[in-house]
Amino acid sequence: MVLAQEDKVLQVLLDLMPVQQQDYVPLAGALERCFGQQTSTDSMRNQSFHWRHREGEILGAYVADFNRQRGYPTFDPAACEELALDAFIQGLTPEQRKEHLHIPAPITFNGALEEAERVEAVLRPQHPIRHQVIDLGGEPITSSEYFHLGRVSEFKYGAKLGTVFRKWNSKKLSYTKTWGEGWGFMPNGNALVFVDNHDNQRGHGAGGASIVTFWDSRLYKMAVGYMLAHPYGVARVMSSFRWNRNIVNGKDQNDWMGPPSHGDGSTKPVPINPDQTCGDGWVCEHRWRQIKSMVIFRNVVNGLPHSNWWDNQSNQVAFGRGNRGFIVFNNDDWNLDVTLNTGMPGGTYCDVISGQKEGSRCTGKQIHVGGDGRAHFKISNRDEDPFVAIHAESKL
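Residues numbered from 1 in each chain as written. Predicted model: local features only at pLDDT ≥ 70, side-chain atom pairs only at ≥ 80, totals over all residues. Heavy atoms only, no water.

### Quick notes on the overall build of the protein chain
Reasoning step 1: Helix and strand content of the protein chain: 11 helices and 16 strands.
Reasoning step 2: Here the protein chain holds 396 residues, and the buried ones make up 43% of them.
Reasoning step 3: Residue pairs in contact within the protein chain that sit at least 24 positions apart in sequence constitute 60% of those at least 6 positions apart. (Helix = DSSP H or I, 4+ residues; strand = E, 2+ residues; numbered from the N terminus. Buried < 20%, exposed > 50% of the residue type's maximum accessible area, 1.4 Å probe, protein only. Contact = heavy atoms within 4.5 Å.)

### Things to note about the state of the cysteines
Covalent bonding between the sulfur atoms of two cysteines is what defines a disulfide.
Reasoning step 1: Scanning the entire structure with this criterion turns up two disulfides.
Reasoning step 2: Note that Cys 350 is cross-linked by a disulfide to Cys 362, the S-S spacing being 2.1 Å. Around the S-S axis, the bridge from Cys 350 to Cys 362 shows a dihedral of about 70° and counts as right-handed. Here Cys 350 is found in strand S11 (residues 347–350), whereas its partner Cys 362 is found in strand S13 (residues 361–362), with 12 residues between them in sequence. (Disulfide = S-S within 2.5 Å.)

### A look at the pairing of strand S16 (residues 387–391)
Reasoning step 1: Buried residues dominate S16, accounting for five of its five residues.
Reasoning step 2: The two faces of S16 match: Phe 387, Ala 389 and His 391 on one face and Val 388 and Ile 390 on the other face are all buried.

### Quick look at the packing of helix H9 (residues 155–166) against helix H10 (residues 217–229)
Reasoning step 1: Here H9 crosses H10 at 125°, and the two axes come no closer than 10 Å. When the axes of H9 and H10 are compared, the pair comes out oblique. Relative to H10, the crossing made by H9 is right-handed. Along the contact surface, H9 presents Tyr 157, Leu 161, Phe 165 and Arg 166, while H10 presents Leu 219, Met 222, Ala 223, Tyr 226 and Met 227. (Axes fitted to C-alpha atoms, helices over the stretch in contact; angles between N-to-C directions. Parallel < 35°, antiparallel > 145°, perpendicular 65-115°, else oblique. Left-handed = near helix turned anticlockwise from the far one by under 90°.)

### Considerations on the packing of aromatic side chains
For any two aromatic rings, the description comes down to two numbers: the centre-to-centre distance and the angle of the planes.
Reasoning step 1: In this structure the tally under the stated criterion is 20 aromatic pairs.
Reasoning step 2: Considering the side-chain rings of Phe 165 and Phe 329, the 6.2 Å spacing of their centres and the 70° angle between planes classify their relative orientation as edge-to-face. One end of the pair, Phe 165, is in helix H9; the other, Phe 329, is in strand S9 (residues 325–330), with 164 residues separating them in the sequence.
Reasoning step 3: Overall, Phe 165 belongs to the buried group, its relative accessible area being 1%.
Reasoning step 4: Here Phe 329 falls in the buried class, since its relative accessible area comes to 0%.
Reasoning step 5: With a centroid separation of 5.5 Å and an interplanar angle of 75°, the aromatic rings of Tyr 226 and Phe 319 are classed as edge-to-face. Pair noted here: Tyr 226 is in helix H10 and Phe 319 is in strand S8 (residues 316–321), with a separation of 93 residues, a long-range link.
Reasoning step 6: Given the relative accessible area of 0%, Tyr 226 is considered buried.
Reasoning step 7: Here the aromatic cluster, defined as three or more aromatic residues joined through ring pairs, consists of Tyr 157, Phe 165, Trp 179, Trp 183, Phe 185, Tyr 226, Tyr 232, Trp 309, Phe 319, Phe 329 and Phe 387.
Reasoning step 8: Seen from the ring of Trp 243, Arg 202 lies directly overhead, with NZ or CZ sitting 4.0 Å from the centre. (Phe/Tyr/Trp six-rings, centres within 6.5 Å; stacked < 30°, edge-to-face > 60°. Lys NZ or Arg CZ within 6 Å of the ring centre and 35° of its normal.)

### Describing the sheet that holds strand S4 (residues 234–235)
Reasoning step 1: If you walk across this open sheet you meet the four strands as S1-S2-S3-S4, and the pairing is parallel. Of all the strands in the sheet, just strand S1 (130–131) and S4 have a single pairing partner and so form its edges.
Reasoning step 2: Relative to strand S2 (residues 151–153), S1 runs parallel, the two being bridged by two bridges. Bridge pairing in S2 links Arg 130 to Arg 151. (Pairing = 2+ DSSP bridges.)

### What to know about the environment of Ala 235
Reasoning step 1: Among the structural elements, Ala 235 can be located in strand S4.
Reasoning step 2: Here the alpha-carbon distance between Ala 235 and Ala 191, two residues 44 residues apart in the chain, equals 8.6 Å.
Reasoning step 3: Apart from the residues within four sequence positions on either side, Ala 235 is in contact with Val 193, Met 227, Leu 228 and Arg 298.

### Some points on H10
Reasoning step 1: Between its first and last C-alpha, H10 extends 18 Å over 13 residues, near the 18 Å set by a 1.5 Å rise per residue.
Reasoning step 2: Of all 13 residues making up H10, 10 are buried, and the element is well covered by its neighbours.
Reasoning step 3: Buried residues of H10: Tyr 220, Lys 221, Met 222, Ala 223, Val 224, Gly 225, Tyr 226, Met 227, Leu 228 and Ala 229, and no others. (Expected span 1.5 Å × (residues − 1).)

### Details of the confidence of the model for the protein chain
Reasoning step 1: On average, residues of the protein chain carry a pLDDT of 82, and 68% of them reach 70 or more.
Reasoning step 2: Every residue in residues 1–5 scores below 50 in pLDDT, and together they form one contact with partners more than four places removed in sequence or on other chains.
Reasoning step 3: Here residues 122–126 is modelled with pLDDT under 50, and outside its nearest four sequence neighbours on either side it reaches 10 contacts, counting other chains as well. (pLDDT = per-residue confidence, 0-100.)

### Thoughts on the sheet that holds S9
Reasoning step 1: If you trace the four strands from one edge of the open sheet to the other, you get S7-S8-S9-S16, paired in antiparallel fashion. Looking at the sheet topology across the chains shown, the edges are occupied by strand S7 (306–311) and S16. Across the sheet, the mean angle from the axis of one strand to that of its neighbour is 10°, orientation sign disregarded.
Reasoning step 2: Here six bridges tie S8 to S9, and the two strands are oriented antiparallel to one another. Its bridge partner lying in S9, Phe 319 is registered against Ile 327.
Reasoning step 3: Its contacts with the sheet put H10 on S7, S8, S9 and S16, and the angle it makes with S9 is roughly 150°.
Reasoning step 4: Here helix H11 (residues 289–300) sits on the sheet in contact with S8, S9 and S16, set at roughly 45° to S16.

This is the structure we're talking about:
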């Protein structure tokens, strides 16, 4: 018995990192788990959720005992594995999770997803699985191969929307009346859409120079506003940082640069300005007032159909979302001055692009909708943000 225990103690010691072998705290923690009082799965899960391992002990050693089924030998292997996963993930930052959490080599992709779902159950709240598949057409691997597994990135979305807002190749905003599947995109129920992502905003991946980014902030706000107002797909909003671009022959020589950092290479914190935007090199597009307001717009009109379309056969368009929201864009080189059917109940609304509703007042333009649902809109092509959006929650 003594010899058997001696072997186990030796193994506990060998499993510790060298620096831990000289420290009583991690050694005592490992020994207590191996030879101490048994406890229930629920009790241990509660402890792991509240991060109650011994102070100073490295998380990897804490988890290792579970993985090797030494810490609580009365548990079945599945329970040990689940507790190890709980303990491990709850104690890691997002960066550490990416570095340390690996799915065991599965036989099938479905098997990998099953493992990922177990991870999601620990992270709580659960987040649906998304797949990044670059499929601009003619690719050996197609988006449709992954439809049964979850939503898939629609890279054609940002590339074509950028071409439209840049007015390249004679594209006009009025052509987007059939935006979505009518433009050759994947089915609505499968699509994850975005204006740009961390790769193509630097010229990598799909889309090329047509991709609109925060560097073109006026166009970018319009493009993101359009995406968030339109019902096609599940929308994803980008949040970025600036870097020192160095464009040579059309290519950014500094496209490799990382986030704002201190001299020692550590990432700088994100300071929040009085207007709730970010500073010190952090862009935080999701905090821009216009984009944040359009996220609210999207939530207010959720589930309602695309309606009351209008265009001038050029780059002035408008559309509604049932009777809960209406948006107007002017991407022409002249003013917009028109009366439109909004489909909205009569009343006065605050434009959430030029300002926002604060109590009973509006800090931006006010739009008056008549009892017949019609409203007059004036948007100068020289406006800082040449689009207007109203919704049910912005009614004064």
